[in-house]
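The residues making up each chain are set out below.
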Amino acid sequence: MLIGDTVVLRKAGDVIPEIVGPVADLRDGSERAFVMPTRCPECGTELVRPEGEVDVRCPNAVSCPAQLRESLFHFASRGALDIDGFGYETATALLEAGRVRDVGDVFHLSPESFTELRGFGEKKIDQILRGVAAARQRPLWRLLVGLSIRHVGPSAARALAREMRSVDAIAAASTETLAVVDGVGPTIAASVVDWFADPRHRDVLERVRSGGAQLADAGADEGPGPLTGVTVVITGTLAGWSRDSATEAVQARGGKVTASVSKKTSFMVVGADPGAGKYDKARAWKLPLLDEAGFAVLLEQGPQAAAPLALPVEPEDG
């Protein structure tokens, strides 16, 4: 396949776009072969390909302009700290003007940080600073996602936050301790330990701390919650909850939310248009299924009150 080719696409598994191949008859001679660069096009650092991996990477995470922009944008994104008004243009403007060095400076932003920056009027600045203030109180897992620790996505971040409860506990833990956390494993554990071992990352974290961000989840010392030991799978769309808010509600009560169904699943919460695979597996194993009303009872009154509300398991076709 060449740069400039016209290609044929299909839906793999009726969902995922897949390139079948080029249409050679449509080539006009302007096409050219792709050559993998050997140096980062932004900072010139020699690219690396870690053993056993397919990705070619720029290792200059500290000063590569592209990585700094993306990490700052990711830190503020909806999937991480969710800072209202802080988009890609804001990240770029602040970095290029030297108002921030990296994510460690986000919680130190002030009105003066935006002085003489084009496109930042009083209302926009107020929106961003209110977003930063709200982000200081986000749950721990969101901060962990925002720090761009390699391999640590939302699922692993939630698992680490649920078990360790604070950044300091995670930073002090060994690879072996982290690896046994359900949903983490040795690869993620090693990546987390490596991240915290880097003095540059510890400096970032200390600036996050001094900026007033919450580095531990509330209730860390309150003991077991009403859903301690309860594992929940959520599938489909809930009218009154986003997926994140439903997950956080379960976790705040000591429960655990997983993406996959197993025989250890305590309840499956079923919304509109549930995933067929998960739903069928839950039915096959006769797991308790709760609708949104049953989910509310689970949160408010606990598993014993919710269990009698489990939906009847319909017989499978055939």
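Along every chain, residues carry numbers that run from 1 in the direction the sequence is written. Note on the predicted model: pLDDT of at least 70 is required for a residue's local features to be given, and 80 or more for side-chain atom pairs to be given and counted; whole-chain, interface and lining totals, by contrast, use all residues. The side-chain figures draw on all heavy atoms in the structure; neither hydrogens nor water molecules are used.

Draft legend 1. Structural detail: the nonpolar core. Within the largest apolar cluster, 53 residues are counted, with the highest numbers of intra-cluster contacts made by Phe86 and Val192. For helices the rule is a DSSP run of H or I covering at least 4 residues; for strands it is a run of E covering at least 2, with both sets numbered from the N terminus onward. Counting only elements with at least two residues in this core, the list comes to α1 (65–76), α2 (88–96), α3 (122–135), α4 (140–146), α5 (154–164), α6 (167–172), α8 (185–197) and α9 (199–210). Ignoring sequence-local partners within four residues, the contact set of Val192 consists of Ile149, Val152, Leu160, Ile170 and Leu178. Here, nonpolar core means buried Ala, Val, Leu, Ile, Met, Phe, Trp, Tyr and Cys residues that are tied together by side-chain atoms lying within 4.5 Å of each other. Buried means the residue's accessible area, taken with a 1.4 Å probe over protein chains only, is under 20% of the maximum for its type, while exposed means over 50%, and partly exposed covers the values in between. Should any heavy atoms of two residues lie within 4.5 Å, those residues are counted as being in contact.

Draft legend 2. Quick look at the side chain of Asp102. Note that Asp102 resides in the loop between α2 and α3. A relative accessible area of 18% places Asp102 in the buried class. At 2.9 Å, the side chain of Asp102 forms a polar contact with the backbone nitrogen of Gly104. Discounting residues that sit within four places of it in the chain, Asp102 has contacts with Leu68, Leu72, Val204 and Arg207. Nitrogen and oxygen atoms within 3.5 Å of one another constitute a polar contact, given that in protein one can donate a hydrogen and the other can accept it, and given that sequence-neighbouring residues count only through two side-chain atoms.

Draft legend 3. Quick peek at the packing of α8 against α9. It is at 5 Å that the axes of α8 and α9 come closest, and there the two elements cross at 80°. With respect to their mutual orientation, α8 and α9 come out roughly perpendicular. Listed contacts from α9 to Trp195, Phe196 and Ala197 of α8 are Pro199, His201, Arg202 and Leu205. Residues are grouped as follows: nonpolar covers Ala, Val, Leu, Ile, Met, Phe, Trp, Tyr, Cys and Pro; charged covers Asp, Glu, Lys and Arg; every other residue, Gly included, is treated as polar. Considering only residue class, the contact of α8 with α9 consists of five nonpolar, one polar and one charged. Axis lines are fitted through C-alpha atoms, for helices just across the contact stretch, and the angle between N-to-C directions can take any value from 0 to 180 degrees. Here the angle decides the label: under 35 degrees means roughly parallel, over 145 means roughly antiparallel, 65 to 115 means roughly perpendicular, and every other value means oblique.

Draft legend 4. Structural detail: the pattern of salt bridges. Here, a salt bridge means any side-chain nitrogen of Lys or Arg that lies within 4 Å of a carboxyl oxygen of Asp or Glu. Summed over all chains, the structure comprises 18 salt bridges. Between Asp105 and Arg101 there is a salt bridge, and its shortest N-O distance comes to 3.1 Å. Across the pair Asp244 and Arg142 runs a salt bridge whose closest N-O atoms are separated by 3.1 Å. Linking Asp244 in helix α10 (residues 243–252) with Arg142 in helix α4, this pair joins segments that are 102 residues apart in sequence. Residues joined in a network through salt bridges with shared partners are Arg101, Asp102, Asp105, Asp203 and Arg207.

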